[in-house]
Amino acid sequence: MLLTEYDEQSHIESEKEIAREEGWEEGMQEGKKVGKKEGIQEGKKEGIQEGIQIAALLAEYLERDGRLQDLKLLSDANVRERLFREYHIIKD
């Protein structure tokens, strides 16, 4: 014996609500992935631009100080870092 009567419309609405909630959660997860990826890409672009700016500043200082030999060594990351610190472009 059934205690309640089957309400087809209520059942359909319930299924729709469940589907909406699942779709919302999937959309949020996908949005987070896309947003994170875009954020990483933007951060890389900004980092590259900052790196270019400080390298140009270092080259300008070395040229001003007549340190042309050091200019030739800027492709070496260790030399570059030492010179950045020497000129206080980056801090320890």
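Figured I'd write up the structure that's included with this text. (Residues numbered from 1 in each chain as written. Predicted model: local features only at pLDDT ≥ 70, side-chain atom pairs only at ≥ 80, totals over all residues. Heavy atoms only, no water.)

Across its full length, the protein holds 3 helices and 0 strands. Taking 2.2 N^0.38 as the reference for a compact globule, 92 residues should give roughly 12 Å; the C-alpha atoms of the protein span a radius of gyration of 30 Å, well beyond that estimate. With the principal axes as the frame, the protein shows a C-alpha extent of 100 × 20 × 20 Å. Across the 92 residues in the protein, those meeting the buried criterion constitute 10%. Of the contacts formed within the protein by residues at least 6 apart in sequence, a portion of 32% connects residues at least 24 apart. Here the protein has roughly 8,000 Å² of accessible surface; of this, 54% comes from carbon and sulfur atoms. With 15 positive and 23 negative side-chain charges, the protein shows a separation of 12 Å between the mean positions of the two kinds. (Helix = DSSP H or I, 4+ residues; strand = E, 2+ residues; numbered from the N terminus. Rg over C-alpha atoms; globule rule 2.2 N^0.38 Å. Buried < 20%, exposed > 50% of the residue type's maximum accessible area, 1.4 Å probe, protein only. Contact = heavy atoms within 4.5 Å. Areas by Shrake-Rupley, 256 points an atom, 1.4 Å probe, with all protein chains shown as cover. Lys, Arg positive; Asp, Glu negative; His and termini not counted. Charge placed at Lys NZ, Arg CZ, Asp CG, Glu CD.)

A cluster of acidic residues, Glu15, Glu21, Glu22, Glu25 and Glu26, forms a negative patch at the surface. With respect to the element layout, Glu21 can be found in helix 1 (residues 8-64). (Patch = residues over 30% accessible without salt bridge, like charges linked within 9 Å, V, L, I, M, F, W, Y side chains within 5 Å. Salt bridge = Lys/Arg side-chain N within 4 Å of Asp/Glu carboxyl O.)

Two numbers describe how helix 1 lies on helix 3 (residues 77-86): the axes approach to 11 Å, and their chain directions differ by 75°. Viewed along their axes, helix 1 and helix 3 adopt a mutual orientation that is roughly perpendicular. Taken together, the residues of helix 3 that come into contact with helix 1 (itself represented by Ile54, Ala55, Leu58 and Leu62) are Arg80, Leu83 and Phe84. Grouping the constituent residues of the contact of helix 1 with helix 3 by class yields 6 nonpolar, no polar and 1 charged. (Axes fitted to C-alpha atoms, helices over the stretch in contact; angles between N-to-C directions. Parallel < 35°, antiparallel > 145°, perpendicular 65-115°, else oblique. Nonpolar A, V, L, I, M, F, W, Y, C, P; charged D, E, K, R; others polar.)

Here the focus is the pattern of salt bridges. For the structure on display, the rule yields 7 salt bridges. Arg20 is the salt-bridge partner of Glu17, the closest N and O atoms lying 3.1 Å from each other. Note that Glu17 and Arg20 are positioned in helix 1 at a spacing of 3 residues, about one turn of the helix. For Glu17, a relative accessible area of 35% corresponds to the partly exposed category.

Time to look at helix 1. Counted at 1.5 Å a residue, the expected span for helix 1 with its 57 residues is 84 Å, and the 83 Å between its end C-alpha atoms agrees. Two to three positions downstream of the cap, the backbone nitrogen of Gln9 sits 3.2 Å from a side-chain oxygen, assigning the N-cap of helix 1 to Asp7. With its phi angle positive at about 70°, Gly66 sits one or two positions after the end of helix 1. (Expected span 1.5 Å × (residues − 1). Polar contact = N/O pair within 3.5 Å; in protein donor to acceptor, adjacent residues only side chain to side chain.)

Moving on: the packing of aromatic side chains. Inspection of every chain in the model, using the stated rule, returns 1 aromatic pair. Aromatic side chains Tyr61 and Tyr87 sit 5.6 Å apart centroid to centroid with 25° between the ring planes, which places their arrangement in the stacked category. With a gap of 26 residues between them, Tyr61 in helix 1 and Tyr87 in the segment after helix 3 connect regions that are remote in the sequence. Accessibility expressed as a relative area gives 14% for Tyr87, which makes it buried. (Phe/Tyr/Trp six-rings, centres within 6.5 Å; stacked < 30°, edge-to-face > 60°.)

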